[in-house]
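Descriptive analysis of the structure
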Amino acid sequence: MATAAAAGAAESGGPVSSSVSSAPPGAVEAVAAEWMLEFACSCLCRHFAEQSGAEFWRWRDVAQALINGFSQIPPHQKKTVYLCQLLIRIAQGKSLGLQFDNDQRISPLESALSFWTLLEREENKLDKLHEDIRRLIQIQIVAVHMENRYFKEAAEVLERLFTDSESDKPLRVKLATVVKAKDPYVPLLQSFSYSLLISKIKSYIKLSMKENETNFLIQEATKHAVSQGLGATALLNRAVEVNENDKSDLESKQRLEEEEQNIISQSSGDIKNPTVRRRSRQKSKESRVLQSNLIGKELKKLTDWKNELYYKMHKVRMFVHFPGITS
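Residues numbered from 1 in each chain as written. Predicted model: local features only at pLDDT ≥ 70, side-chain atom pairs only at ≥ 80, totals over all residues. Heavy atoms only, no water.

Re the overall build of the protein chain
Just so we agree on the cut-off: Helix numbering and strand numbering both begin at the N terminus, where a helix is a DSSP run of H or I of at least 4 residues and a strand a DSSP run of E of at least 2. Exposure classes here rest on a 1.4 Å probe applied to the protein chains alone. A residue is buried below 20% of its type maximum, exposed above 50%, and partly exposed in between. A contact between two residues is defined here by any heavy atoms of the two lying within 4.5 Å. Working definition of accessibility: Shrake-Rupley area with a 1.4 Å probe, residue cover restricted to the visible protein chains.
From N to C terminus, the protein chain includes 14 helices and zero strands. Along the chain direction, N to C, the helices and strands of the protein chain fall in the order α-α-α-α-α-α-α-α-α-α-α-α-α-α. Sorting the 327 residues of the protein chain into buried and exposed places 35% on the buried side. Long-range pairs, those at least 24 residues apart, make up 73% of the contacts in the protein chain with a sequence separation of at least 6. Within the structure as shown, the protein chain displays about 20,300 Å² of accessible surface, and the carbon and sulfur contribution to it stands at 54%.

Structure below.
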């Protein structure tokens, strides 16, 4: 492989410069792109396993850009490409509004299943972990539709998922019963949960990361980081700190929106269901005006706070993410 050749040249101190000067630029770019994709996939796997969202989305964009740059996927890179596409879709599996395929009926998890099938074809041997992941993806495709009350779509996806093979029949029958009951909280869906799927995927990528330890860029970057000593550690700490800030800001945003919604709900509740009190019309009118003014002031405070928070989050994301990154 090109990785091994490059590593050997680097270690032996051979005439790398003369080789580069005689190689066609297009060939050099192709080899470098392969190294970078392997490195990006390794980072994507690590951040998926660590659940470090900001860094995962950053490396998603890097990997996607490199994949899009291939006119044709090299045979020895297929597994890397399929793994990246799988992780990207699994990470956004609960977002039914996202579309990865031209067919708008296909959810992110259903798209992930197609890449899992391609990955299985690249494997030398399939074991129980492969079977578990396939089954969990199938179940969660149906479960996510049901959680969002899309029962008709859940029935339709069930027809697409399963063939007439006898091996699929038991699970198909169970899921058909669940869909007919229109209950997303049945034991089957709770036992084969989305969190269990994530856990199984983590086990799979742990094995994949071991296979990719010989990647040239990973080895060279590791040597450089070690040589930097505390400098590399400080950089890592800074990334962790930014991630924590990003998470804290997101939690604050969620609390803020809940509080704002509660105030709006209380306001609308007072209008729709006014409380009858023993007081004159004038006092009642004054009370309503006062209450309306107080609610207006509180909403303005919350709006100002929210705008300030959004601005801070935007600054953090500009530091952590690549341009245009979204979760």
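Notes on the packing of helix 3 (residues 25-50) against helix 12 (residues 216-228)
As a reminder, the rule being used: For helices, the fitted line uses only the C-alpha atoms of the stretch in contact; every axis is such a line through C-alpha atoms, and the angle between N-to-C directions lies from 0 to 180 degrees. To sort the angles, those under 35 degrees are grouped as roughly parallel, those over 145 as roughly antiparallel, those from 65 to 115 as roughly perpendicular, and the leftovers as oblique. Ten residue types, Ala, Val, Leu, Ile, Met, Phe, Trp, Tyr, Cys and Pro, are classed as nonpolar, four, Asp, Glu, Lys and Arg, as charged, and the remainder, Gly among them, as polar.
Between helix 3 and helix 12, the shortest axis-to-axis distance is 8 Å and the interhelical angle comes to 70°. Regarding the angle of helix 3 to helix 12, the classification is roughly perpendicular. Across from Trp35, Met36, Phe39 and Ser42 in helix 3, the residues of helix 12 making contact are Phe216, Leu217, Ile218 and Ala221. Class assignment for the residues of the contact of helix 3 with helix 12 results in seven nonpolar, one polar and no charged.

Overview of the pattern of salt bridges
Which entries qualify depends on this criterion: What makes a salt bridge here is a side-chain nitrogen of Lys or Arg within 4 Å of a carboxyl oxygen of Asp or Glu, nothing more.
Applying the stated criterion to the full structure yields twelve salt bridges. Here aspartate 61 ties to arginine 60 by a salt bridge, and the two come within 3.3 Å at their closest N and O atoms. Here glutamate 123 makes a salt bridge to lysine 79, at a shortest N to O gap of 3.3 Å. Within this pair, whereas glutamate 123 is found in the loop between helix 6 (108-122) and helix 7 (128-147), its partner lysine 79 is found in helix 5 (residues 78-91), the two being separated by 44 residues in sequence. With a relative accessible area of 22%, lysine 79 lands in the partly exposed category. Shared partners join several salt bridges into a network, and the residues in it are Lys128, Asp132 and Lys200.

With respect to unusual backbone geometry
Phi is positive for arginine 149, which is not a glycine, with a value near 65°. Within the fold, arginine 149 resides in the loop between helix 7 and helix 8 (151-161). One non-glycine residue with positive phi stands out, namely lysine 182, at about 55°. By the element assignment, lysine 182 lies in the loop between helix 9 (169-181) and helix 10 (187-191).

A short note on the side chain of glutamate 38
Rule in force here: Under the convention used here, Asp and Glu are negative, Lys and Arg are positive, and both His and the chain ends fall outside the count. Polar contact is defined as a pair of N or O atoms within 3.5 Å, subject to the rule that within protein one atom must be able to donate a hydrogen and the other to accept it, and that residues adjacent in sequence are counted only when both atoms are side-chain atoms.
Relative to the assigned elements, glutamate 38 resides in helix 3. One buried charged side chain, glutamate 38, makes no salt bridge at all; its nearest oppositely charged neighbour is lysine 79, positioned 12 Å away. In terms of polar contacts, glutamate 38 uses its side chain to reach the side chain of glutamine 77, at 3.1 Å.

Considering the environment of glutamine 85
Its location among the elements puts glutamine 85 in helix 5. Separated by 29 residues in sequence, glutamine 85 and serine 114 place their C-alpha atoms 9.9 Å apart. Ignoring any residue separated from it by four or fewer positions in sequence, one finds glutamine 85 in contact with Gln64, Ile67 and Phe115.

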